Protein chains: 4
Amino acid sequence: MSTLSRRDALQMAAAGAALAATVASPAGAAAPSAPTGNSFTAVREPTPLPFKPDALKGLSEKLIKSHWENNYVGAVKALNVVRGKLAQAMADPDLPAYLYGGLKREQLMRSGSVVYHDLYFGNLGGNGQADAATRTQLSKHFGTFDAWESEFRRVGNALAGGTGWVVLAWNPALKTLENNWLLDHTNGVTGSTPILVMDLYEHAFHMDYGSAAAKYIDAFMANVNWETVAARLKTVAA
Amino acid sequence: MSTLSRRDALQMAAAGAALAATVASPAGAAAPSAPTGNSFTAVREPTPLPFKPDALKGLSEKLIKSHWENNYVGAVKALNVVRGKLAQAMADPDLPAYLYGGLKREQLMRSGSVVYHDLYFGNLGGNGQADAATRTQLSKHFGTFDAWESEFRRVGNALAGGTGWVVLAWNPALKTLENNWLLDHTNGVTGSTPILVMDLYEHAFHMDYGSAAAKYIDAFMANVNWETVAARLKTVAA
Amino acid sequence: MSTLSRRDALQMAAAGAALAATVASPAGAAAPSAPTGNSFTAVREPTPLPFKPDALKGLSEKLIKSHWENNYVGAVKALNVVRGKLAQAMADPDLPAYLYGGLKREQLMRSGSVVYHDLYFGNLGGNGQADAATRTQLSKHFGTFDAWESEFRRVGNALAGGTGWVVLAWNPALKTLENNWLLDHTNGVTGSTPILVMDLYEHAFHMDYGSAAAKYIDAFMANVNWETVAARLKTVAA
Amino acid sequence: MSTLSRRDALQMAAAGAALAATVASPAGAAAPSAPTGNSFTAVREPTPLPFKPDALKGLSEKLIKSHWENNYVGAVKALNVVRGKLAQAMADPDLPAYLYGGLKREQLMRSGSVVYHDLYFGNLGGNGQADAATRTQLSKHFGTFDAWESEFRRVGNALAGGTGWVVLAWNPALKTLENNWLLDHTNGVTGSTPILVMDLYEHAFHMDYGSAAAKYIDAFMANVNWETVAARLKTVAA
């Protein structure tokens, strides 16, 4: 699977150059320079899949490779491009604020995609069997482990036929473990720590299951890496 | 200012009773019971304002009281009601998943409002002067402190005339401090730690400034409690 | 392909009964009755496919059947259920307004899906060749026919990897033919007349093309029924 | 009240020039030219208020002037700027599609604001008394006129504390008159004909009523121009 190619790098450089032209100052005037901190300049590389793409039960190698290569790596590349655009746009004091906002929305969309996908692939590759300590902890917050799983699955089914993420997260402000319904990459709970992440964009399952999202959810659950989940749970005060 | 009133409590109880009727089982049939963990049963109380409502420069007591009493406390009450609705809905196995999703969206909307408002009021009441260490830290991520402030304000102006939040946050997955453009309470960056939060819903300023959002942003910046900001920054690896 | 089944009808009736229980009046009190006009009671039947599901070039019978049976018919059924829920909810004067709003959002989502899908299937099944009069009319508004097609395709590619609709529509308020970027079923331009509708939800193509949305767009364009498009254009003053 | 000022025109021209620089072709290469049809070049002027700004009962002159001058005229100006940006962006074949999509989203947002505001101001300035024929027509679709008004107001209250539009519209695809809940300017029902439009953005009332949206709705209803509503109804087959 690919990482950023030379062609991508050239495209990003070209985008920068074109934008620089936009903000070329008229003779004698001093134009603001583009911001230089890493909030504008950081370049992200894709995280490799933590398991072999043919290793999952009920999720095909073709699907997993397409998901990782196209949707995830595409988001990483787009995020890098958007950062460059933001830096150049900040150097243009005349750009209407609402157009800057449009770029920031793209940043939110792409960074959400990068972060959720990292977590998603990161919590797959296991045997789907939760350990006793994790079951106990989820019971504490949801009544029973089955009550947790039942709601987690129902939120997944609620997103079927569209997009979104189901995220079990620790919300320190509310002191609850919660299953979040998130409609797209821009949705989220700032301040929450993600524990288990399930992708409900149709690109996560349609190739294998068509519109049968419930069967995909079965497959997802059978491949959860509960060691990763347990490790994430240990970092919070749930 | 009020907390949950007896009338509110009665309304919540009544809502629960009405919903219980919805799921009353036909004679002889065993209906699932509602989940009982704190993800469904937690009741939240509003956090008092951390400053006197007449203490801010350029933001009127009337505005601040209205914002806290109506928008914030209203969100707290709504979140409590929604939790009860979710518990009852989970006990109804025949409810279509998309209707459950509608309730989860309300939960996301209300909990976002509660959490962002807590952070917002929590970082007001100061003198607007950032300390040297904080300025240095922001410079590291944005090039200069002014570059940070310039983008923070621009994102605020981008949301003028509508809704949303500007949130300076530490994104541990991307290892950057970032100013997030968030369109409404459902938007967020799961996993990020919020450092400084500015409300751009029109109820945060219209009563005092009409549509002049830029003047409200000036007033907000003059009242930032940088001690709170510095304390939040200390908890992250930025 | 199916229409509303007896089981669906029973489910709808059951949903109504359960909701009726919700609003049962306390002894002696007169509860409001549910609204009875067709805005609340209309029941919609799915429109049959206007072409054989195996008749399209480059879009498989399996995909088209899944799209029509699951996504479209599912939306029709959901819309009927939501209408019943709205009628019952209107009869409950104590329901918080924001929960009513949640149901109205579902109505918007489902009715958008029904209407856009009707238009989408309605403008497929042709040979992809626009007639001279239509080409001239699009040239008038976009400069050239190719300029129109180029933007229409680009908007499609912009939605790749997620959801949405590309809609060529006549906007009488602005007196322009426009290609609209619509993120999901809730997006739209009230008052505009749709002329050509392309689905970019991943369920419209992922089974056949994976993430290669551009190839799907090629296939869509090759199957456009321009006679339908021309007929729609004749109804407007473009 | 202002129309587009000379300064606005200069800004638009400057924006065009800056963008032209972006797409300047390297020596010898032929760059695509910007589209020239009116979908890209149309310039919109604001519609004057159809009543004196001090003529409404319970809605202050200050509020109405601010609403028209800032929110509405601002949207008209922004739409014109966005059109120019789209034309230039279409001339750049290397622009990533998702960034083009970001501009199209801005177009949808601004054109929605323009069209809804035109309709909103257009249906104010009356005495709030619906004629018998209109009452009969609404009764046909909602059970009774009061049932219509009750839902229209409830949808308004559902949007309180945020943004959105309540739109009574004729949906020819579903053959119903419906009250639509629309969360922001991007929401809508393509193909529907708007009959009565109520603004629930907080800038429509906060200056006069703070968070008391229900009182604003009373004021709105008292000023509806039902002659306009009746005229719009006559154009549809409701």
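Attention in this report is confined to the structure presented alongside it. Keep in mind it's a predicted model, so treat the numbers as computed, not measured.

Regarding the overall build of chain A
Regarding its fold elements, chain A presents 9 helices and 3 strands. Each helix and strand of chain A, placed in order from N terminus to C terminus, yields the pattern α-α-α-α-α-α-β-β-β-α-α-α. For chain A, the proportion of its 238 residues judged to be buried stands at 61%. The long-range fraction of contacts in chain A, counting pairs at least 24 apart against all pairs at least 6 apart in sequence, stands at 74%. Summed over its atoms, the accessible surface of chain A is roughly 8,500 Å², and 54% of this surface lies on carbon and sulfur atoms.

Considering the relation of the copies chain A and chain B
The transform that puts chain A on chain B rotates by 180° and translates by 0.0 Å along the axis, for an RMSD of 0.0 Å. Both chain copies can therefore be described as sitting about a two-fold axis. Mapped onto chain B, 100% of the interface residues of chain A again fall at the interface, so both copies present the same surface.

Considerations on the layout of surface pockets
One number sums up the size of the second largest pocket: a volume of about 490 Å³. What lines the second largest pocket is a set of 26 residues, and nearest its centre among them are A:Thr193, A:Pro194, B:Pro172, B:Ala173 and B:Gly191. Of all the secondary-structure elements, those providing two or more residues to the lining of the second largest pocket are helix 4 (97-122) and strand 3 (193-199) of chain A together with strand 1 (165-171) of chain B. No other element matches the 3 residues that helix 4 of chain A contributes to the lining of the second largest pocket. For the lining of the second largest pocket, the residue count by class is 12 nonpolar, 11 polar and 3 charged.

As for the interface of chain D and chain B
Each side of the interface is counted separately: chain D has 18 residues, and chain B has 18 residues. In total, chain D and chain B occlude about 1,300 Å² of area from one another, counting both sides; carbon and sulfur atoms represent 53% of this. The tally of links between chain D and chain B comes to 0 salt bridges. Summed over the shared surface of chain D and chain B, the result is 5 residue pairs in polar contact (both at pLDDT 80 or more). Secondary-structure elements contributing two or more residues to the side of chain D that touches chain B are helix 3 (61-90) and helix 7 (206-209) of chain D. Take the side of chain D that touches chain B: its biggest share by element is 4 residues, from helix 3 of chain D. Residue composition of the side of chain D that touches chain B, by class: 5 nonpolar, 10 polar and 3 charged.

Quick word on the packing of helix 3 (residues 61-90) of chain A against helix 4 of chain A
All names here are of chain A. Remark: helix 3 packs on helix 4, axes separated minimally by 8 Å, with the N-to-C direction vectors making an angle of 145°. Crossing hand, helix 3 versus helix 4: left-handed. The residue makeup of the contact of helix 3 with helix 4, split by class, is 15 nonpolar, 6 polar and 6 charged.

Description of the pairing of strand 1 of chain B
Residues and elements named next belong to chain B. Counting buried positions along strand 1 yields 7 of 7 residues, so the element is predominantly enclosed. Here strand 1 pairs with strand 2 (residues 176-182) via 7 bridges, running antiparallel. Counted as the bridge partner of Val-166 is Trp-181 from strand 2. Sheet topology note: the strand 1/strand 3 (residues 193-199) ladder contains 6 bridges and is antiparallel. For Val-166, the partnering residue across the bridge sits in strand 3 and is Met-198.

Focus: the relation of the copies chain D and chain B
Superposing chain D onto chain B takes a rotation of 180° combined with a translation of 0.0 Å along the rotation axis, leaving an RMSD of 0.0 Å. Most of the interface of chain D is mirrored in chain B: 100% of its interface residues are interface residues there too.

Here's the deal with the environment of C:Asp146
All names here are of chain C. Mapped onto the elements of the fold, Asp-146 is located in helix 6 (residues 145-158). Assessed through its relative accessible area of 53%, Asp-146 is described here as exposed. For the pair Asp-146 and Arg-135, spaced 11 residues apart in sequence, the C-alpha to C-alpha distance is 9.0 Å.

Quick word on the pattern of salt bridges
In this structure the tally under the stated criterion is 28 salt bridges over all chains. A salt bridge links B:Arg83 to A:Glu178, with the nearest nitrogen and oxygen atoms 3.4 Å apart. Taken together, the residues B:Arg83 in helix 3 (residues 61-90) and A:Glu178 in strand 2 (residues 176-182) connect one chain to another. Among the residues examined, B:Arg83 registers a relative accessible area of 2% and is labelled buried.

Rules used in this analysis
Residues numbered from 1 in each chain as written. Chains lettered and ligands numbered in written order. Predicted model: local features only at pLDDT ≥ 70, side-chain atom pairs only at ≥ 80, totals over all residues. Heavy atoms only, no water. Helix = DSSP H or I, 4+ residues; strand = E, 2+ residues; numbered from the N terminus. Buried < 20%, exposed > 50% of the residue type's maximum accessible area, 1.4 Å probe, protein only. Contact = heavy atoms within 4.5 Å. Areas by Shrake-Rupley, 256 points an atom, 1.4 Å probe, with all protein chains shown as cover. Least-squares fit on C-alpha atoms with pLDDT ≥ 70 in both. 1 Å grid on protein atoms, 1.4 Å probe; cavity = no way out; pocket = protein on both sides within 12 Å on 5 of 7 lines; lining within 4 Å. Points joined across faces, edges and corners; volume = space filled by probe spheres on them. Nonpolar A, V, L, I, M, F, W, Y, C, P; charged D, E, K, R; others polar. Buried area = accessible area lost by both parts, 1.4 Å probe. Salt bridge = Lys/Arg side-chain N within 4 Å of Asp/Glu carboxyl O. Polar contact = N/O pair within 3.5 Å; in protein donor to acceptor, adjacent residues only side chain to side chain. Axes fitted to C-alpha atoms, helices over the stretch in contact; angles between N-to-C directions. Left-handed = near helix turned anticlockwise from the far one by under 90°. Pairing = 2+ DSSP bridges.

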